[in-house]
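Residue-level structural notes
Read off the chains here:
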Amino acid sequence: MSIASQATDRVIIFDTTLRDGEQSPGATLNVEEKLAIAHQLALLGVDVIEAGFAVASPGDFIAVKTIAEQVGKVDGPIICSLARATRKDIQAAAEALKPAAHPRIHTMISTSDIHLQYQLKKSRSEVLAIAQEMVAFAKSFVDDVEFSPMDASRTEPEFLYQVLEVAIAAGATTINIPDTVGYCTPKEIGILIQGIRKNVPNIDSVILSIHTQNDLGLATANALAAIEHGVRQVECTINGIGERAGNAALEEIVMALQVRKHYFNPYFSRPVDADAPLTNVKTQEIYKTSSLVSQLTGMLIQPNKAIVGANAFAHESGIHQDGIIKHRQTYEIMEAASIGLPENRIVLGKHSGRNAFRTRLKELGLELNEADLNKAFNRFKEVADKKKEISDWDLEAIVRDETQNQAESGFQLEHVQVICGDCTCPTATITVVTPEGKILTDASVGTGPVDAVYQVINRLVQIPNQLIEFSVQSVTGGIDALGTVTIRLRYQDRIFSGQASDTDIVVAAAYAHLNAVNRLYRYLQTQKIPAQVSE
Ligand SMILES: CC(=O)SCCNC(=O)CCNC(=O)[C@H](O)C(C)(C)COP(=O)(O)OP(=O)(O)OC[C@H]1O[C@@H](n2cnc3c(N)ncnc32)[C@H](O)[C@@H]1OP(=O)(O)O
Ligand SMILES: CC(C)C(=O)C(=O)O
Ligand SMILES: [Mg+2]
């Protein structure tokens, strides 16, 4: 049974990632890469894989043939090759598709006057005859023939109706309407499809398909409008890649039909609340497929890309995070798991609030009392002002700094300023508050900025010690990572350590040194050895 007779109660997903998608400048794929994507598309559950344009190159011929052999199994998808309306193209497509259990030849010819006049240099009657002849020629190889009148949306309607009627009479089983230059608005697409359904007498014997380009950012909206007007196949690509600004994105079409099923149901003559899916796509495979295509084509996904962008399930602002924590649906219309992501993401950054901060700390096993939480939250906001995203490791460092180091008595760092460079002597100026509440400021030069900090803190605290270890570790990746400084000091036969984190490692060094000094200071207190604090 052909797909045309099976599928009028759902949308046939025709994936053209490997043909139109590969036409994205720079996205060329080799045979192995195309095969890997085709296998994943089959797992995703697309109905048709347009595997390439067999005549385009020996590599594309082999790719179509290999996919036909290895993915085009009896229980697998239809494998399709594009072909111009020429014998040579159709023969190449037919040859490459031979191993497929369900082969489809997709042949096309332009129908708009601008294409006829300037590109094909042919009259309407010539194009009509070619369409008729080449569809029949394709039909001599396979049962399943798709015909596309290229630039349909800019074609004079009466001529378009004529070409379609002739192509169907010649044996086309799918009629695809391309908005080749992405020119239409959704309303115009609706009018175009309505016109075709009303004026092409044999149109009901075929599957009507839509192919939308994204030049005005309307590809998905146009495809959905076409569905509302009776189209039952959508041509789309993973991540919306494709010629120029790309094609309608498969993940957007599929998830729109899934999430808004109750809106679309009446267009399929179903009860509004019917629950059966409107496509055969296994949506949980979407994320994996999207990542694979991005990786192999080298086409990065913009972070705010609908459905599959890194931010599509991420929440940064406090009000949204608070809502999500209380009830997910307050700010999410679909679950991350529905596209195969383990979970949504609460991103901690400068717009985050206490609820998200507290919740994340709890997940990390860090339960703080209200006072410590407030201190840590204030520090978190300071760091977030400097750093785009606060990771779990950053959080742990912040909490450790605020709760372990600052809670106990000792010297408090008030201010640190360092001047350094390749033609200046590194100089640190530091202000500390002593345990007795005195404010002391001093400055010192050093062999480097960290040494200058070390020298001046020692002069301020007046507690003899020897620096035996100084190490810096980047807590997270990236140029704005928090650096954690660990310092070990020797006093007589005892070792005291201190640690602190900051986006500025010299500041972290000052805090870490003072933390170690404070441990030493408290030790001296317990030994009743007075520290010599300068006036
Ligand atoms: C809207 C779309 O996405 S259509 C698909 C576009 N994709 C591609 O073009 C990718 C693959 N293309 C190719 O590898 C090459 O262009 C080929 C192999 C198809 C053709 O290469 P060439 O023979 O060197 O022709 P070239 O690309 O220079 O020009 C295209 C020719 O096809 C003709 N042509 C274009 N569309 C059609 C058509 N649907 N049916 C018949 N002929 C067509 C053009 O008029 C032109 O013919 P001319 O050389 O007699 O003027
Ligand atoms: C080959 C056709 C369907 C096409 O890609 C277009 O017109 O955009
Ligand atoms: Mg296209």
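Residues numbered from 1 in each chain as written. Chains lettered and ligands numbered in written order. Predicted model: local features only at pLDDT ≥ 70, side-chain atom pairs only at ≥ 80, totals over all residues.

1. Here's the deal with the overall build of the protein chain
- Secondary structure summary: the protein chain contains 18 helices and 16 strands in total.
- On C-alpha atoms alone, the protein chain measures out to a radius of gyration of 33 Å, which is more than a quarter above the 24 Å that the 2.2 N^0.38 rule sets for 535 residues.
- The dimensions of the protein chain, computed from C-alpha atoms along their principal axes, are 105 × 50 × 40 Å.
- Each of the 535 residues in the protein chain was classed as buried or not, and the buried ones make up 45%.
- A sequence separation of at least 24 residues applies to 66% of the contacts in the protein chain between residues at least 6 apart. (Helix = DSSP H or I, 4+ residues; strand = E, 2+ residues; numbered from the N terminus. Rg over C-alpha atoms; globule rule 2.2 N^0.38 Å. Buried ≥ 20, exposed ≤ 12 C-beta atoms within 10 Å, placed from the backbone. Contact = placed C-beta atoms within 7 Å.)

2. Focus on the pairing of strand S1 (residues 12-15)
- Residues of S1 alternate between two faces, with Ile-12 and Phe-14 on one and Ile-13 and Asp-15 on the opposite face, all of them buried.
- Sheet topology places S1 next to strand S8 (residues 233-236); 4 bridges connect them, and they run parallel. Its bridge partner being in S8, Phe-14 is matched across the sheet by Glu-235.
- The parallel pair S1 and strand S2 (residues 48-52) is bridged by helix H2 (residues 31-44), and the resulting crossover is right-handed. (Pairing = 2+ DSSP bridges. Right-handed = clockwise from strand over helix to strand, strands pointing away.)

3. Concerning the site of ligand 1
- Surveying the vicinity of ligand 1 reveals 16 residues, the closest of which are Phe-53, Ala-56, Arg-84, Ala-85 and Ile-109.
- Broken down by secondary-structure element, the contributors of at least two residues to the shell around ligand 1 are strand S4 (103-110) and helix H5 (113-120).
- With 3 residues, S4 is the largest single contributor of residues to the shell around ligand 1. (Near = placed C-beta within 6 Å.)

4. Some words on helix H3 (residues 58-70)
- A rise of 1.5 Å per residue sets the reference length of H3, with its 13 residues, at 18 Å; its end C-alpha atoms lie 18 Å apart and thus fit the reference within 8%.
- Residues Asp-60, Phe-61, Ala-63, Val-64, Lys-65, Ile-67 and Ala-68 constitute the buried set of H3.
- Residues of H3 that are buried make contact with H2, S2, strand S3 (78-84), helix H4 (87-97) and S4. (Expected span 1.5 Å × (residues − 1).)

5. A closer look at the sheet that holds strand S14 (residues 466-474)
- Taken in spatial order, the 3 strands line up as S14-S15-S16 in an open sheet, and their pairing is antiparallel. If you trace the sheet from one side to the other, it starts and ends with S14 and strand S16 (494-502), each paired once. Going from strand to strand, the sheet's axes swing by 15° on average, the running direction of each strand aside.
- Here S14 pairs with strand S15 (residues 483-491) via 8 bridges, running antiparallel. Bridge assignment links Val-472 to a residue of S15, and that residue is Val-485.
- Of the strands in this sheet, S14, S15 and S16 touch helix H18 (residues 505-526), which is tilted by about 145° from S16. (Axes fitted to C-alpha atoms, helices over the stretch in contact; angles between N-to-C directions.)

6. Overview of the domain arrangement of the protein chain
- With domains assigned, the protein chain is organised as domain 1 (12-297), domain 2 (314-404) and domain 3 (408-526).
- Contacts between the two partners involve 10 residues from domain 2, matched on the other side by 8 residues from domain 3.
- Listed by contribution, the elements that provide at least two residues to the side of domain 2 that touches domain 3 are helix H15 (370-386) and helix H16 (392-405).
- When residues of the side of domain 2 that touches domain 3 are assigned to their parent elements, the largest contribution, 5 residues, is made by H16.
- Classifying every residue of the side of domain 2 that touches domain 3 gives 4 nonpolar, 1 polar and 5 charged. (Domains from an automatic or database assignment. Nonpolar A, V, L, I, M, F, W, Y, C, P; charged D, E, K, R; others polar.)

7. Details of the environment of Phe-147
- Along the chain, Phe-147 turns up in strand S5 (residues 144-150).
- Separated by 27 residues in the primary sequence, Phe-147 and Leu-120 place their C-alpha atoms 17 Å from one another.
- Excluding anything up to four places from it in sequence, Phe-147 contacts Thr-107, Met-108, Ala-131, Val-135, Ala-167, Ala-172 and Ile-175.

8. Comments concerning the site of ligand 2
- Taken together, the neighbourhood of ligand 2 is formed by Asp-20, Leu-82, Met-108, Ser-148, Met-150, Asn-176, Pro-178, Thr-180, His-211 and Gln-213.
- Residue assignment for the shell around ligand 2 shows that the elements contributing at least two residues are S5 and strand S6 (174-179).
- When its residues are assigned to classes, the shell around ligand 2 shows 4 nonpolar, 5 polar and 1 charged.

9. Observations concerning the packing of helix H9 (residues 219-228) against helix H10 (residues 250-259)
- The contact between H9 and H10 brings their axes to 10 Å, and the two run at 45°. Here H9 lies oblique to H10, going by the angle between them. In this structure, the crossing between H9 and H10 has a hand that is right-handed. Contact residues: Thr-220, Ala-223 and Leu-224 in H9; Glu-252, Ile-253 and Ala-256 in H10.
- Split into classes, the residues belonging to the contact of H9 with H10 amount to 4 nonpolar, 1 polar and 1 charged. (Parallel < 35°, antiparallel > 145°, perpendicular 65-115°, else oblique. Left-handed = near helix turned anticlockwise from the far one by under 90°.)

10. Some thoughts on the environment of Leu-395
- Turning to its location among the elements, Leu-395 is positioned in helix H16.
- Apart from the residues lying within four places of it in its own chain, the contact partners of Leu-395 are Arg-360, Leu-361, Leu-364 and Ile-390.

11. Here we look at the sheet that holds S2
- The 8 strands are arranged S1-S2-S3-S4-S5-S6-S7-S8 in a closed barrel whose pairing can be described as parallel. Each strand axis lies, on average, 25° off the axis of its neighbour in the sheet, ignoring direction.
- Where S3 and S4 come together, 6 bridges link them in parallel fashion. Bridge assignment links Ser-81 to a residue of S4, and that residue is Ile-105.
- Strands in contact with H4 are S3 and S4; relative to S3, the strand with the most contacts, it is inclined by about 160°.

12. Focus on the confidence of the model for the protein chain
- Per-residue confidence for the protein chain averages 91 on the pLDDT scale, and 96% of its residues sit at or above 70.
- Confidence drops under pLDDT 50 across residues 1-6; counting only partners more than four residues distant or on other chains, this segment forms 12 contacts.
- Model confidence for the complex: the whole-complex pTM is 0.79, and ipTM, which rates the interface, is 0.98. (pLDDT = per-residue confidence, 0-100.)

13. Section: the nonpolar core
- Core analysis: the largest hydrophobic core is formed by 101 residues, its most contacted members being Ile-49 and Ile-253.
- For this core, the element with the most residues is H9, which contributes 7 residues.
- Ignoring anything within four residues of it in the chain, the contact list for Ile-49 reads Asp-15, Leu-18, Ala-38, Leu-41, Ile-67, Val-71, Pro-77, Ile-79 and Cys-80. (Core = buried A, V, L, I, M, F, W, Y, C linked by C-beta atoms within 7 Å.)

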